[in-house]
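Overview (structure and organization)
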Amino acid sequence: MDRYFRPMRIEHYEDLIGPEALERIILKARRLHDLRVINISSTFYGGGVAEILSSLTLLQRALGIRADWRLIQGSPDFFSITKKLHNALQGGDINLSELKKEIYEGINLHNALRMDVEADIVVVHDPQPLPLITHFRHTCPWIWRCHVDLSRPDPDAWAYLREFVDDYDAMVVSLPEYKREVHIPQLFFMPALDPFSIKNREMSDAEINDRLRHYGIPEDLPIVAQISRFDRWKDPEGVIEAFRMARKEVDATLVLLGNVATDDPEGQEVFESLLDCKEERILILTAEDSALVNALQRRAAVILQKSLREGFGLTVTEAMWKGTAVIGGDCGGIRHQVEDGRNGFLVSTVEEAAKRIAQLVGDADLRRRLGTAARDTVREKFLMSRLAEQYLDLFESFEPRFTLNHRRGARLEIATPAARR
Ligand code: UDP
């Protein structure tokens, strides 16, 4: 088996976090040994939630937690509605008709009917599976983990979703700014990356060359890249405009690498709308290839994440971990990672982005200085071991009320959407 597919062990983190932190995490995990935790989300790949869950659940298993990860299924119209709800939570418009609510709740009922949830803790991710809770007997803690930027939600969408949220035992959001008025405790867990995954591990120059060559990415000029789901909030048009402005001053190649998550029906349309912008020095690629993401984040002179809204922005963390200079949109979670001028740059406009691209492409020393500070930031704050420890603390905090003794579970209790209202 490839050396990178060895089973995850918390001890792998020792060199990064030190023996004391390692010991502390192991002791906390020992107290929760065999705890059954079920995560429920809506896609196995494409986007930060899937990225985090694939590593987090393995690390939790390595810690003796029986972490499981389930998906809900849904028709395209269901995912079109949940994407609208997602956008509305981030401040977009939505026409929340009764029909949309019926489809949203109805598909959740169908998923509940198909699902055995025998667990000590259930963690539901994002709005797609949020209403599931209404169909189960409440015999163990249910946590809603919301990964989106909740600072300015559409009021109607939030009022509607909040009814479900209040059924939970706790809500976890990424940042204090996303705190909402709810009846349940709220916690703040910033996301984190797995330094040992294919996407983040070290790569040799030969491996990087191989990946870039495979996709026809030229290296004769410095590379400027943005790696993101094709989504309007990520402002791919703004990136292209900024790059065109910067090219009046410096020569470079722009690579927009993106993917489309299975629960995101808008992605294909955004991708297609960008294709007219392709030219010799503007590459627009779509590929499901974590090693390519890694290679690009390492080889690029500059990684952009010019988002207009961003729950957290794991792509920023990933590039920073690789010591690459980043330019991030001054919003959401990016602000908590990038300290302007110290470990990267924050920008609010296309013009600012263009100025920073030109500056960074032209100044290798500045890139090195920012990149070194960026890697330190990730080591201190954004490794998966920190997130795993936060979850251990949260799981343990429920113990007195729910007696996490593995005999309790979340049992299905049929309640139709109509009966709820
Ligand atoms: N990603 C990827 N391939 C792509 C585009 C994105 O693997 O073509 C990954 C990216 O590396 C990161 C995740 O998708 O791990 C995106 O997470 P982020 O928090 O930045 O944004 P989200 O998509 O969750 O809004």
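Here goes a summary of the coordinates provided. Computed from a prediction, not measured in an experiment: that's the story for all the values here.

This brings us to the site of the ligand. Around the ligand sit 17 residues, and of these Gly 48, Lys 199, Arg 229, Lys 234 and Glu 318 come closest. With respect to the ligand, the side chain of Lys 234 contributes an N or O atom lying 2.7 Å from an oxygen atom. Between the ligand and the protein, one listed contact pairs an oxygen atom with a backbone N or O atom of Thr 315 at 3.1 Å. At the level of elements, α3 (48–62), β8 (253–258) and α11 (314–321) are the ones that each hand at least two residues to the shell around the ligand. The element contributing the most residues to the shell around the ligand is α11, with 3 residues. Looking at the shell around the ligand, its residues break down into 4 nonpolar, 7 polar and 6 charged.

Turning our eyes to something else, we now look at the environment of Tyr 13. Note on placement: Tyr 13 falls in the segment before α1 (14–17). Considering only alpha carbons, one finds Tyr 13 and Leu 63, 50 residues apart in sequence, at a separation of 12 Å. Once residues within four sequence positions are removed from consideration, Tyr 13 is found in contact with Met 8, Gly 18, Leu 59, Leu 193, Asp 194, Pro 195, Phe 196, Leu 383, Met 384 and Ser 385.

With 5 of its 5 residues buried, strand β11 (residues 325–329) lies for the most part within the structure. Here β11 shows a buried face lined by Ala 325, Ile 327 and Gly 329 and a second buried face lined by Val 326 and Gly 328. By the bridge criterion, 4 bridges tie strand β10 (residues 302–305) to β11 in an arrangement that is parallel. Paired with Gln 305 across the strands is Gly 328, a residue of β11. Handedness of the β10-α11-β11 crossover: right-handed.

Let us look at the packing of helix α5 (residues 98–114) against helix α6 (residues 155–165). For the pair α5 and α6, the least separation of the axes is 13 Å and the interaxial angle reads 25 degrees. In terms of orientation, α5 lies roughly parallel with respect to α6. For α5 against α6, the interelement crossing comes out right-handed. Residue-level inspection shows Lys 101, Tyr 104 and Glu 105 of α5 in contact with α6, the latter providing Tyr 160, Leu 161 and Phe 164. Here the residues of the contact of α5 with α6 are counted per class, giving 4 nonpolar, no polar and 2 charged.

Before going further, it helps to spend a moment on the nonpolar core. Among the nonpolar cores identified, the biggest contains 66 residues, and Ile 217, Leu 296 and Phe 395 are the most heavily contacted of them. The dominant element in this core, judged by the number of residues it contributes, is helix α15 (residues 384–397), at 7 residues. When neighbours within four sequence positions are excluded, Ile 217 is seen to be in contact with Leu 212, Ile 223, Val 255, Leu 283, Leu 285, Leu 292 and Leu 296. Counting 42 residues, the second-largest nonpolar core is a separate cluster that includes Leu 85, Ala 112, Trp 142 and Val 182.

Cut-offs applied
- Residues numbered from 1 in each chain as written.
- Predicted model: local features only at pLDDT ≥ 70, side-chain atom pairs only at ≥ 80, totals over all residues.
- Heavy atoms only, no water.
- Near = heavy atom within 4 Å.
- Polar contact = N/O pair within 3.5 Å; in protein donor to acceptor, adjacent residues only side chain to side chain.
- Helix = DSSP H or I, 4+ residues; strand = E, 2+ residues; numbered from the N terminus.
- Nonpolar A, V, L, I, M, F, W, Y, C, P; charged D, E, K, R; others polar.
- Contact = heavy atoms within 4.5 Å.
- Buried < 20%, exposed > 50% of the residue type's maximum accessible area, 1.4 Å probe, protein only.
- Pairing = 2+ DSSP bridges.
- Right-handed = clockwise from strand over helix to strand, strands pointing away.
- Axes fitted to C-alpha atoms, helices over the stretch in contact; angles between N-to-C directions.
- Parallel < 35°, antiparallel > 145°, perpendicular 65-115°, else oblique.
- Left-handed = near helix turned anticlockwise from the far one by under 90°.
- Core = buried A, V, L, I, M, F, W, Y, C linked by side-chain atoms within 4.5 Å.

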